[in-house]
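Here's the letter readout for the chains.
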Amino acid sequence: MGGEMTYELTTRTPEETHDLGRQLGRRIQSGLTIRLNGDLGSGKTCFVQGLARGLEVPEGYDITSPTYALIHEYTGRIPLYHVDLYRLRGSMDAESIGLWELFDAQGVVAVEWEERLDKSDWPETGLRIELHIEADDKRRIQIIGYGLDSDNLIRETVENWNPR
Ligand code: ADP
Ligand code: MG
C-alpha cells in the first residue's frame, strides 16, 4: 500500500503522550492493530497506558510492559492485547505465541517492536506510530493509517487533540 498520510505532532510531557493514547482509544469502535516503534524510553508503553484508559480498561489495572510475558490482555470496551515482540526471534515464534489468532480476533492489538516480524506478516489495515526522542521530555510522534477507517480515526484524533 502507498500514499498514506503521515500525521505528526509533538508531546512535551509523559502526560501528553498518555492523553494522546487515551483520545485515540476513545474513538476506536472496532478491533485493529497498532504497531509502535521507537527507541527504549520513547514512550510506547506510556502511549498504550493512555490507550487502555480510552478503551475503558478499569483504572485499577496496571498497564506494564509485557517484555517477559510477550502478551498482556485487558478487558475493556473492546479487549486490549498489549504485545512486546522484543524477545521474539521470527515468524515461528509468532505462531507459537498465537499472534495470528490475535490479529484475527476482534480486539485492539498494540504491538511494540514491529521489526521483529516480516512486513508481509501484518494485517493490511491498522495504525503505525513512530515515536522520536527530541529532548528529555519532548517526543515527536508520527502516526500513519493504513486503510480508510484507520486514516479517519487518526485524522479526527489529531485534529481535535489539545493536550491538557
Ligand atoms: P518505551 O515503552 O518506548 O520503552 P516507556 O513508555 O516505558 O517507553 O517510557 C517512556 C519514558 O520517558 C518514561 O519514563 C516517561 O516518563 C518519559 N517521558 C518523558 N517525556 C515523555 C513524553 N513526552 N512522552 C512519553 N514519555 C515521556
Ligand atoms: Mg515499553
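Each remark here, short or long, concerns the structure printed above.
Since the structure is predicted, the reported quantities are computational estimates derived from the model, not experimental observations.

Chemist: Which parts of the structure should I look at to understand the coordination of the magnesium ion (ligand 2)?
Modeler: Protein-derived coordination of the magnesium ion (ligand 2) comes from Thr 45 (OG1) and Glu 112 (OE), at a distance range of 2.2 to 2.6 Å. Here Thr 45, found in helix 2 (residues 44-54), pairs with Glu 112, found in strand 5 (residues 108-112); they are 67 residues apart in sequence, far enough to count as distant. Residues Thr 45 and Glu 112 agree in their burial class; the two are buried.

Chemist: Any chance you could explain helix 2 here in plain terms?
Modeler: Because an α-helix completes one turn every 3.6 residues, residues spaced three or four positions apart along the sequence face the same direction. The buried fraction of helix 2 is high, at 10 of 11 residues. Within helix 2 the residues assigned to the buried category are Lys 44, Thr 45, Cys 46, Phe 47, Val 48, Gly 50, Leu 51, Ala 52, Arg 53 and Gly 54. Taken together, the buried residues of helix 2 touch helix 1 (14-27), strand 2 (32-37), strand 4 (80-84), strand 5 and strand 6 (126-135). Positioned one or two residues after helix 2, Glu 56 has a phi angle of 65°, which is positive.

Chemist: In this structure, what is going on with the site of ligand 1? I would like to understand it.
Modeler: Around ligand 1 sit 16 residues in total, of which Thr 17, Gly 41, Lys 44, Cys 46 and Asp 137 are the nearest. Between ligand 1 and Gly 41, the relevant distance is 2.8 Å, taken from an oxygen atom to a main-chain nitrogen or oxygen of the residue. Residue Gly 43 places a main-chain N or O atom 3.1 Å away from an oxygen atom belonging to ligand 1. For ligand 1, the protein covers 74% of the area, taking 570 Å² as the surface of the free molecule. Put simply, the parts of the chain that give the shell around ligand 1 at least two residues each are helix 1 and helix 2. When residues of the shell around ligand 1 are assigned to their parent elements, the largest contribution, 3 residues, is made by helix 2. The class makeup of the residues in the shell around ligand 1 is 3 nonpolar, 7 polar and 6 charged.

Chemist: Mind showing me how you'd approach the pattern of salt bridges here?
Modeler: Should their charged atoms come close, side chains of opposite charge can pair. On inspection of all chains with the given rule, the structure shows 8 salt bridges. Across the pair Glu 130 and Arg 128 runs a salt bridge whose closest N-O atoms are separated by 3.3 Å.

Chemist: In this structure, what is going on with the packing of helix 1 against helix 5 (residues 148-160)? I would like to understand it.
Modeler: In helix packing, the relevant descriptors are the interaxial angle and the interaxial distance, both defined with respect to the helix axes. Where helix 1 meets helix 5, the axes come as close as 10 Å, and the angle between the chain directions of the two elements is 135°. By the angle class used here, helix 1 and helix 5 are oblique. For the pair helix 1 and helix 5, the crossing hand works out as right-handed. Between helix 1 and helix 5, the contacting residues are Leu 20, Gln 23, Leu 24 and Arg 27 on the first element and Leu 153, Glu 156, Thr 157 and Asn 160 on the second. Classifying every residue of the contact of helix 1 with helix 5 by side-chain character gives 3 nonpolar, 3 polar and 2 charged.

About the cut-offs
Residues numbered from 1 in each chain as written. Chains lettered and ligands numbered in written order. Predicted model: local features only at pLDDT ≥ 70, side-chain atom pairs only at ≥ 80, totals over all residues. Heavy atoms only, no water. Donors = N, O, S within 2.8 Å, 3.2 Å for Na, K, Ca; no water. Helix = DSSP H or I, 4+ residues; strand = E, 2+ residues; numbered from the N terminus. Buried < 20%, exposed > 50% of the residue type's maximum accessible area, 1.4 Å probe, protein only. Contact = heavy atoms within 4.5 Å. Near = heavy atom within 4 Å. Polar contact = N/O pair within 3.5 Å; in protein donor to acceptor, adjacent residues only side chain to side chain. Areas by Shrake-Rupley, 256 points an atom, 1.4 Å probe, with all protein chains shown as cover. Nonpolar A, V, L, I, M, F, W, Y, C, P; charged D, E, K, R; others polar. Salt bridge = Lys/Arg side-chain N within 4 Å of Asp/Glu carboxyl O. Axes fitted to C-alpha atoms, helices over the stretch in contact; angles between N-to-C directions. Parallel < 35°, antiparallel > 145°, perpendicular 65-115°, else oblique. Left-handed = near helix turned anticlockwise from the far one by under 90°.

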